[in-house]
Amino acid sequence: MSGTRDGKVRTGGRLAQAMRAFLAMESAGGILLVAMMVIALAVVNSPLGPWYDRILHWHGGISLDGFSLNLSVLHWINDGLMAVFFLLVALEIKREMLEGELSQLGQVLLPALGALGGMAVPALIFVAFNADGPHLHGWAIPSATDIAFSLGVLSVLGRSVPVSLRVFLAALAIIDDLGAILIIAFFYSSDLSWGYLAGAGGAVLVLAALNRFGVRRLLPYMAVGLVLWACMLQSGVHATVAGVLLGLFIPLRGGEGAAKNAPLRVLEHELHPWVAFGILPIFALANSGLSFEGMGLGALADPVFLGVALGLFVGKQVGVFGCAWLIIRAKWAHLPEGASWGQLYATSVLTGIGFTMSLFIAGLAFTDNTAMADTRLGVLLGSLVSALVGYGLFKVFKARRA
């Protein structure tokens, strides 16, 4: 009897140890995203498909005198949980810009201009396929890089990837996210409510005052941030922008200017596992459902599909590598240390993995199911091909020895 109990304890210990090891992996978040994507595809194309749709469109919340928080489950995920994701992105951007890889012009120039090229060329490819159609509003869908997936592929490759390329890709993806945030704020906001915008502006002023007067406790910032999110939700500007604004006012320094126990670092550390292993997998589960019913080869000729898939796979690598090549040749920057041109190109191909942000922007751009289905197919195939080709290229271009 005791042997059985000891066996169970040992088994439980091994499972717990294995789980901790998995969560410690750099690629764990990306692996979980892939798992949720596969589950969503399997459920939607099974007898459970109608239930998947009903659950996502079930409404719940509160309504008080014209102020409504009665949202569908899908909206709670995309407007609520994703605001927390954008908060984490803003914290990372602020930290990197003030004291990290983006704090010096020489460090930021290569990934910054590479990111701009990687946003512009995919958008132009989408426009080329959809200029005369009704779906031009989706031009920004293939412009974003998924940092979790792309860095996950690099982590799987291990030591064959120079550290400088990991830094380059991380910095590029962060700048890419900043560009996506600006695009959402300026191009995917509509029916503005000036009253709620004024309320949001008041909340921002309170956040600025808290920062100015040296408030270091996170609770006041979170409370004002919740008010800011509620106002943004009603204002016509996408609610996730509230997460960005909140993150920019969280102090980077602790008491007496010390970096230790700084509110920004504490919050970033606390949020990261919840976002990587909770919010993003839930988002993937809710937004990856693509029904293959009635879908034929004709879908591969659809302008939306072509604009998204080719924008990600072709546009991202051409934009990123093309700009990087021009900048390095002009001697404005240098090739990442220890990396070859082939490895830089392989990294540029990986920027075509655009899963999370691409699907998010698609949800803002399109309301009809057909366009969303074509977009999901384009995102899935474009990202998958980018991941496989990028991985293969790294195997071809071995690490250059110092």
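Heads up: these notes are all about the structure in this document. Every chain begins its residue count from 1, and numbering advances along the sequence as written. pLDDT decides what is reported in this predicted model: residues at 70 or higher carry local features, side-chain atom pairs at 80 or more are listed and counted, and totals for whole chains, interfaces and linings draw on all residues regardless. To obtain the side-chain values, all non-hydrogen atoms of the structure were used and water was disregarded.

**Focus on the overall build of the protein**
Working step 1: The secondary structure listing takes helices from DSSP runs of H or I that are at least 4 residues long and strands from runs of E that are at least 2 residues long, numbered from the N terminus. A count of helical and extended segments in the protein gives 15 helices and four strands.
Working step 2: A total of 402 residues make up the protein; the buried ones form 49% of that total.
Working step 3: Here, Shrake-Rupley sampling with a 1.4 Å probe gives the accessible areas, and only protein chains in the shown set may cover a residue. Carbon and sulfur atoms make up 68% of the accessible area of the protein, which totals about 19400 Å². Accessibility here uses a 1.4 Å probe with only protein chains present; expressed as a share of the type maximum, an area under 20% marks a residue as buried, one over 50% as exposed, and anything in between as partly exposed.

**What about empty space enclosed by the protein?**
Working step 1: Within this scheme a cavity is a closed region of a 1 Å grid, computed over the protein atoms alone, that accommodates a 1.4 Å probe without allowing it to escape, whereas a pocket is open but has protein on both sides within 12 Å along at least five of seven lines; lining residues each have an atom within 4 Å of a point. Grid points are joined across faces, edges and corners, and a volume is the space filled by probe spheres set on the points. With the rule as written, the count across this model stands at one cavity of 30 Å³ or more.
Working step 2: The calculated volume of the largest cavity comes to roughly 60 Å³.
Working step 3: Lining the largest cavity, in full, are Phe85, Thr145, Asp146, Ile147, Ala148, Asp177, Leu280, Thr356 and Met357.
Working step 4: For the lining of the largest cavity, the per-class residue count stands at five nonpolar, two polar and two charged. Following the grouping adopted for this structure description, the nonpolar residues are Ala, Val, Leu, Ile, Met, Phe, Trp, Tyr, Cys and Pro, the charged ones are Asp, Glu, Lys and Arg, and the polar ones are all others, Gly among them.

**Observations concerning the nonpolar core**
Working step 1: Here, nonpolar core means buried Ala, Val, Leu, Ile, Met, Phe, Trp, Tyr and Cys residues that are tied together by side-chain atoms lying within 4.5 Å of each other. Among the nonpolar cores identified, the biggest contains 112 residues, and Phe85 and Phe86 are the most heavily contacted of them.
Working step 2: When neighbours within four sequence positions are excluded, Phe85 is seen to be in contact with Val275, Ile279, Leu280 and Met357. Residues count as neighbours in contact if any of their non-hydrogen atoms are within 4.5 Å of one another.

**Describing the packing of aromatic side chains**
Working step 1: Side-chain rings of Phe, Tyr and Trp, where Trp is taken by its six-membered ring, are said to pair if the distance between their centres is within 6.5 Å; with planes under 30 degrees apart they count as stacked, over 60 as edge-to-face, and otherwise as tilted. Under the counting rule described, the total for this entry stands at seven aromatic pairs.
Working step 2: Measuring from centroid to centroid gives 6.1 Å for Phe321 and Trp341, while their planes differ by 80 degrees, and the two rings are edge-to-face. Residue Phe321 is found in helix 12 (residues 303–329), and its partner Trp341 is found in helix 13 (residues 341–350); the two are separated by 20 residues along the sequence.
Working step 3: Among the aromatic residues, those joined into a cluster by ring pairs are Phe85, Phe86, Phe283 and Phe360.
Working step 4: Charge-over-ring placement is defined geometrically: NZ (Lys) or CZ (Arg) within 6 Å of the ring centre, and within 35 degrees of the ring normal. Sitting above the plane of the Trp51 ring, Arg54 keeps its charged end 5.0 Å from the centroid.

**A closer look at the packing of helix 11 (residues 263–287) against helix 14 (residues 355–365)**
Pairs of packed helices are described in terms of their axes, by the angle between the two and the distance that separates them.
Working step 1: Only the stretch in contact is used when fitting a helix axis, every axis being a line fitted to C-alpha atoms; angles between N-to-C directions are given from 0 to 180 degrees. In contact at an axis separation of 11 Å, helix 11 and helix 14 are set at 50 degrees when each is read in the N-to-C sense. Taken together, the axis directions place helix 11 and helix 14 in an arrangement best described as oblique. Pair helix 11 / helix 14 crosses with left-handed handedness. Across from Leu280, Phe283, Ala284 and Asn287 in helix 11, the residues of helix 14 making contact are Phe355, Thr356, Leu359 and Phe360. In this scheme, roughly parallel covers angles under 35 degrees and roughly antiparallel covers those over 145, while 65 to 115 is roughly perpendicular and the rest are oblique. By convention the crossing between two helices is left-handed if the near helix lies anticlockwise of the far one by an angle smaller than a right angle, and right-handed if it lies clockwise.

**So, helix 4 (residues 73–99)**
Working step 1: Given a helix with a known number of residues, its expected span is that number minus one, times 1.5 Å. Here helix 4 is 27 residues long and its end C-alpha atoms lie 38 Å apart, about the 39 Å a rise of 1.5 Å per residue gives.
Working step 2: We define the bend at each residue as the angle formed by axes fitted to the 7 residues ending at it and the 7 residues starting at it. At Met82, helix 4 is bent by approximately 35 degrees, the largest bend along its length.
Working step 3: Burial analysis of helix 4 places 19 of its 27 residues in the buried class, the great majority of the element.

**A look at the pattern of salt bridges**
Working step 1: When a carboxyl oxygen of Asp or Glu lies within 4 Å of a side-chain nitrogen of Lys or Arg, that pair is called a salt bridge. With the rule as written, the count across this model stands at two salt bridges.
Working step 2: The shortest N-O distance in the salt bridge between Arg95 and Glu268 comes to 2.7 Å. Highlighted residues: Arg95 in helix 4 and Glu268 in helix 11, separated in sequence by 173 residues. No difference in accessibility class separates Arg95 from Glu268, as the two residues are buried.
Working step 3: The partner of Lys316 in a salt bridge is Asp176, and the shortest N-O contact between them spans 2.9 Å.

**Points about helix 10 (residues 241–249)**
Working step 1: Among the residues making up helix 10, those that are buried are Val241, Ala242, Gly243, Val244, Leu246 and Gly247.
Working step 2: In this structure, the buried residues of helix 10 make contact with helix 4, helix 7 (163–187), helix 8 (194–212) and helix 9 (218–235).

**Here's the deal with a nonpolar patch on the surface**
Working step 1: Residues Met97, Leu178, Leu182, Phe186 and Phe187 make up a contiguous nonpolar surface patch of about 520 Å² in total accessible area.
Working step 2: Relative to the helices and strands, Met97 is located in helix 4. Candidate patch residues must exceed 30% relative accessible area and have no salt bridge, after which like charges are joined if within 9 Å and Val, Leu, Ile, Met, Phe, Trp or Tyr side chains if within 5 Å.

**A closer look at the layout of surface pockets**
Working step 1: Here the largest pocket defines a volume of roughly 1300 Å³.
Working step 2: At the level of secondary structure, the elements contributing two or more residues to the lining of the largest pocket comprise helix 3 (49–56), strand 4 (71–72), helix 4, helix 9, helix 11, helix 14 and helix 15 (369–396).
Working step 3: The leading source of residues in the lining of the largest pocket is helix 15, at six residues.
Working step 4: In terms of residue class, the lining of the largest pocket is made up of 22 nonpolar, 22 polar and five charged.

**A look at the side chain of Ser143**
Working step 1: Looking at the element boundaries, Ser143 is found in the loop between helix 5 (105–130) and helix 6 (147–157).
Working step 2: In this structure Ser143 comes out as buried when scored by relative accessible area, which is 4%.
Working step 3: The residues touching Ser143, leaving out its near neighbours within four places in the chain, are Gly118, Met119, Pro122, Ala123, Asp176 and Lys316.

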